[in-house]
Amino acid sequence: MTSAETENARLAILRVLDANRTRYGLNAGALATFARVHYASPLAEDEMLDQLQYLTDKRLIEEVP
């Protein structure tokens with residue numbers, strides 16, 4: 001994946017999470033599906049986990065129990 005595709009995928013994740021303002025969150029599979037359907041994100045579930053970790057490390061998102 002190119003750096004532009006990676007950045008677009010990360011933005012798709014943030015957009016999906018912003019639109020889903022529930023206190024229960026979404027799992028990686030659901031995030032990957034919503035990002036793919038609504039924002040044409042090319043991420044599979046395993047790639048989604050890597051990007052979620054990156055966004056967590058940058059303190060842009062946090063995991064909920």
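Residues numbered from 1 in each chain as written. Predicted model: local features only at pLDDT ≥ 70, side-chain atom pairs only at ≥ 80, totals over all residues. Heavy atoms only, no water.

This brings us to the packing of helix H1 (residues 3-19) against helix H2 (residues 28-39). H2 packs onto H1 with a crossing angle of 105° between their chain directions and a minimal axis gap of 9 Å. With respect to H2, the axis of H1 lies roughly perpendicular. When H1 is examined against H2, the residues Ala12, Arg15, Val16 and Leu17 are found in contact with a partner set consisting of Leu31, Phe34, Ala35 and Tyr39. A class-by-class count of the residues in the contact of H1 with H2 yields 7 nonpolar, no polar and 1 charged. (Axes fitted to C-alpha atoms, helices over the stretch in contact; angles between N-to-C directions. Helix = DSSP H or I, 4+ residues; strand = E, 2+ residues; numbered from the N terminus. Parallel < 35°, antiparallel > 145°, perpendicular 65-115°, else oblique. Contact = heavy atoms within 4.5 Å. Nonpolar A, V, L, I, M, F, W, Y, C, P; charged D, E, K, R; others polar.)

An α-helix turns once per 3.6 residues; consequently, residues spaced three or four apart project the same way. For H1, which comprises 17 residues, the first-to-last C-alpha distance of 24 Å matches the rise-based estimate of 24 Å (1.5 Å per residue) to within 8%. Along H1, the residues that are buried comprise Thr6, Ala9, Arg10, Ala12, Ile13 and Val16. For H1, the arc enclosing every buried residue in end-on projection is 155°, short of the 170-degree limit, so these residues lie on one face. Along H1, exposed side chains directed more than 90 degrees from the buried face belong to Ser3, Asn8 and Ala19. For H1, the elements touching its buried residues are H2 and helix H3 (45-57). (Expected span 1.5 Å × (residues − 1). Buried < 20%, exposed > 50% of the residue type's maximum accessible area, 1.4 Å probe, protein only. Arc of directions from axis to C-beta.)

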